[in-house]
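Structure at a glance
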Amino acid sequence: MDFAVKNGRIVGLGEYEGRREYNLSGTYVVPGLIDAHVHIESSLLAPTEYARLVLAHGTTTVIADPHEIANVCGASGIEYMLAEGARTPLDILIMLPACVPATPLDMGGARLTADDLARFRGREGVIGLAEVMNVPGVLSGDGDLREKMDLFPVIDGHAPLLSGKDLNAYIYAGVQSDHECTSLSESKEKLLRGMYILMREGSTERNLRELLPLVNACTAPRCCFATDDRHADMLVSEGHIDDCIRKAIASGLEVEQALRMATLSAAERFGLHDRGALAPGRLADFCILDDPDRFEVRRMFKRGVEVIGAGYHPPVCPMATLRARVPEPHEIRITGRGEARVIGIVPGQITTRDLRFAVDAAKIPDIERDILKAVVTDRYRATGSGVGLVHGFGLREGAIAGSVSHDSHNIVAVGVGDADIIRAIGEVVRLGGGLVVVSGNDVTALPLECAGLMSALPYDEVVGRLEALKKHARRLGAIDNPFMYLSFLALTVIPELRVTERGVFDVRAFSDVPLFCD
């Protein structure tokens, strides 16, 4: 069937004559794809480079939460994302960060109040309140959080493993969606209580296969795809929302249901009634496919104009000076022996386990049991470093470190020896932000000039440097995607155990705890 476009919108379906006509016979035309929840900063790309990459995969709209850069730069970080979004054909729609910092105990580079967020209400491109991750604050009736939630009718959630009456209270407070489901039973409970389920497939958070059995003809309108945190190398090698569609189809989901999740379901969840379907009055955002089962995007149109691969344009980068003090050996030394709390990495997830090991501090690193030291260094106030232990990184020598450390984005490092850990942290400070691997005299690095979170390089160069980092880390024995796991070690709103610049943090108890249990 033919359709006509004028002024960026679909005029109608049927026979029309136009000034410019395209013959798309033998192909399939589908609406532009929508990512229901993403942190662009996690791609390690500046917004314009991120847009250049995902547009080629058929994504025309992303619902972005800029809380990474907001934790570093405050309200000016949100302004930066809005300004950069205006420089690209990709629609970057902003959900304002609800929790900066993530919890009252965390200290990043900024603190955003309800008054700070109210300034953005009514701004073009701002559509709601992003993931409300301070669950204890919601349940206890925190006043500032309540004021933030009263600003917008559209509110996203962040409630990993929340269940029962606490879940009821969280939803009653006004939260409408969740992207943190990791099991089918969790997603079923939240769906039955009226939540939208944003099924996540990121570089580390591989939840899609587990959650897809939830989707059927009745539930698809309440289910969407989200990438949340996906590095540039995964965007290049696997794709974006098109990758989610392919994986869903390969898992047995009907093409039509997968496509609905990637288009109309996401549009309706956020009240975007101007997109998500090929219908009169809707935006003329659409993709051209040869075969919907293979779902490889051949051509892409944004507001009726074909998007041809644009060249690289150097981005503007916000300033965010690192004021970190590189730790001295005595500052990261641990002493004692006994039962220790050890952060257990969970492959394919950002949740961790609270492991208990008999530990003698004098025998750390314990390479045989894969127990290594994790260090978080305050990047904002030079107050010092916190130390914990982690199991699952696999390193046999050297260290890795980075200035991407959700959500406060202090400097985080894991390594086999204190000297390498200190050297890796020092390299991050010297770069003004970045990801590094060190071993012996070898150093591999990706500078992150934009607030210590994003690179100013073209995406193909970023991917090349990421591959070099991963290759170096693999040579040292590291797990796959070590920097994504590293970046979540300090995230105090994801169970069970974390490490911050203060030391070990128990998420379930919601408090700092000693390294040794006794």
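For clarity, every value in this text was computed on a predicted model and none was experimentally measured.

In this section: the domain arrangement of the chain. Per the domain assignment, the segments making up the chain are domain 1 (31-279) and domain 2 (337-512). Inter-centroid distance (C-alpha atoms) of domain 1 to domain 2 is 25 Å. Taken together, the contacts link 43 residues of domain 1 with 41 residues of domain 2. Interface area, domain 1 with domain 2, both sides summed: about 3,600 Å², of which 65% is carbon and sulfur. The largest share of the area that domain 1 buries against domain 2 comes from Leu 44, Thr 204 and Asp 233, three residues that together contribute 19% of it. In this assembly, domain 1 and domain 2 are joined by two salt bridges. Ionic pairing is found between Lys 470 and Asp 233, a salt bridge with its closest N-O pair at 2.7 Å. There are 14 residue pairs in polar contact (both at pLDDT 80 or more) connecting domain 1 and domain 2. Among the secondary structure elements, those contributing two or more residues to the side of domain 1 that touches domain 2 are helix H1 (47-55), helix H2 (67-73) and helix H10 (232-237).

Read from one edge of the open sheet, three strands run S23-S24-S25, paired in antiparallel fashion. Edge strands, defined here as strands with exactly one partner in the open sheet, are strand S23 (497-500) and strand S25 (511-513). Neighbouring strand axes in the sheet, compared pairwise and without regard to direction, differ in orientation by 45° on average. One ladder, built from three bridges, connects strand S24 (residues 503-506) with S25; its direction is antiparallel. Looking at S25, one finds that Phe 505 is bridged to Asp 512.

Our next topic: the sheet that holds strand S12 (residues 286-289). Read from one edge to the other, the open sheet built from four strands follows the order S3-S12-S13-S14, with strand pairing classed as antiparallel. Since the sheet does not close on itself, it has two edges, and those belong to strand S3 (28-31) and strand S14 (305-306), each with one partner. When S12 meets strand S13 (residues 297-302), the two strands line up antiparallel, connected through four bridges. Across the sheet, residue Cys 287 finds its bridge partner in S13, namely Met 300.

The next thing to look at is the UniProt feature "domain: Amidohydrolase-related" (unreviewed entry) in the chain. In the numbering used here, UniProt assigns the "domain: Amidohydrolase-related" (unreviewed entry) feature to residues 28-305. Overall, residues 28-305 shows 35% helix and 19% strand. The separation of its end C-alpha atoms is 17 Å.

With that out of the way, let us pick up the UniProt feature "domain: Adenine deaminase C-terminal" (unreviewed entry) in the chain. If you check UniProt for "domain: Adenine deaminase C-terminal" (unreviewed entry), the listed places come out as residues 360-510 in our numbering. Along residues 360-510, the helical share is 25% and the strand share 29%, with 26 Å between the first and last C-alpha atoms.

Taken as a whole and assessed by the stated rule, the structure comprises four aromatic pairs. Arranged with centres 5.8 Å apart and planes meeting at 75°, the rings of Phe 505 and Phe 510 form a pair that is edge-to-face. Exposure remark for Phe 505: the relative accessible area of 0% places this residue in the buried category. Note on Phe 510: relative accessible area 23%, which makes it partly exposed. Through successive ring pairs, a cluster of aromatic residues spans Phe 3, Tyr 22, Phe 286 and Phe 301. Here Arg 222 stacks its cationic end above the ring of Tyr 196, 3.8 Å away from the centre of that ring.

For soluble globular proteins, nonpolar side chains are generally found buried alongside one another. Counting 159 residues, the largest nonpolar core has Val 132, Met 199, Phe 225, Ile 245, Phe 393 and Leu 489 as the members making the most contacts within it. Mapping this core onto the domain boundaries places at least three of its residues in each of domain 1 (31-279) and domain 2 (337-512). Ignoring any residue separated from it by four or fewer positions in sequence, one finds Phe 225 in contact with Ile 34, Asp 35, Ala 36, Met 199, Leu 208, Ile 241, Cys 244, Ile 245, Ala 248, Ala 258, Met 261 and Ala 262. Ranked by size, the runner-up nonpolar core spans 15 residues in total, among them Ala 36, Val 154, Leu 198 and Ala 266.

Here we take up the state of the cysteines. Applying the stated criterion to the full structure yields one disulfide. Across the disulfide from Cys 317 sits Cys 450; the S-S distance is 2.0 Å. Of this pair, Cys 317 sits in the loop between S14 and strand S15 (337-345) while Cys 450 sits in the loop between strand S22 (442-447) and helix H15 (459-475), and the two are 133 residues apart along the sequence. Residue class for Cys 450 comes out buried when judged on its relative accessible area of 0%. Not engaged in a disulfide, the cysteine Cys 73 finds its nearest cysteine sulfur in Cys 450; these two sulfurs lie 9.8 Å apart. Residue class for Cys 73 comes out buried when judged on its relative accessible area of 16%.

Procedures and definitions
- Residues numbered from 1 in each chain as written.
- Predicted model: local features only at pLDDT ≥ 70, side-chain atom pairs only at ≥ 80, totals over all residues.
- Heavy atoms only, no water.
- Domains from an automatic or database assignment.
- Contact = heavy atoms within 4.5 Å.
- Buried area = accessible area lost by both parts, 1.4 Å probe.
- Salt bridge = Lys/Arg side-chain N within 4 Å of Asp/Glu carboxyl O.
- Polar contact = N/O pair within 3.5 Å; in protein donor to acceptor, adjacent residues only side chain to side chain.
- Helix = DSSP H or I, 4+ residues; strand = E, 2+ residues; numbered from the N terminus.
- Pairing = 2+ DSSP bridges.
- Axes fitted to C-alpha atoms, helices over the stretch in contact; angles between N-to-C directions.
- UniProt positions renumbered as here; feature names shortened; annotations may be inferred.
- Phe/Tyr/Trp six-rings, centres within 6.5 Å; stacked < 30°, edge-to-face > 60°.
- Buried < 20%, exposed > 50% of the residue type's maximum accessible area, 1.4 Å probe, protein only.
- Lys NZ or Arg CZ within 6 Å of the ring centre and 35° of its normal.
- Core = buried A, V, L, I, M, F, W, Y, C linked by side-chain atoms within 4.5 Å.
- Disulfide = S-S within 2.5 Å.

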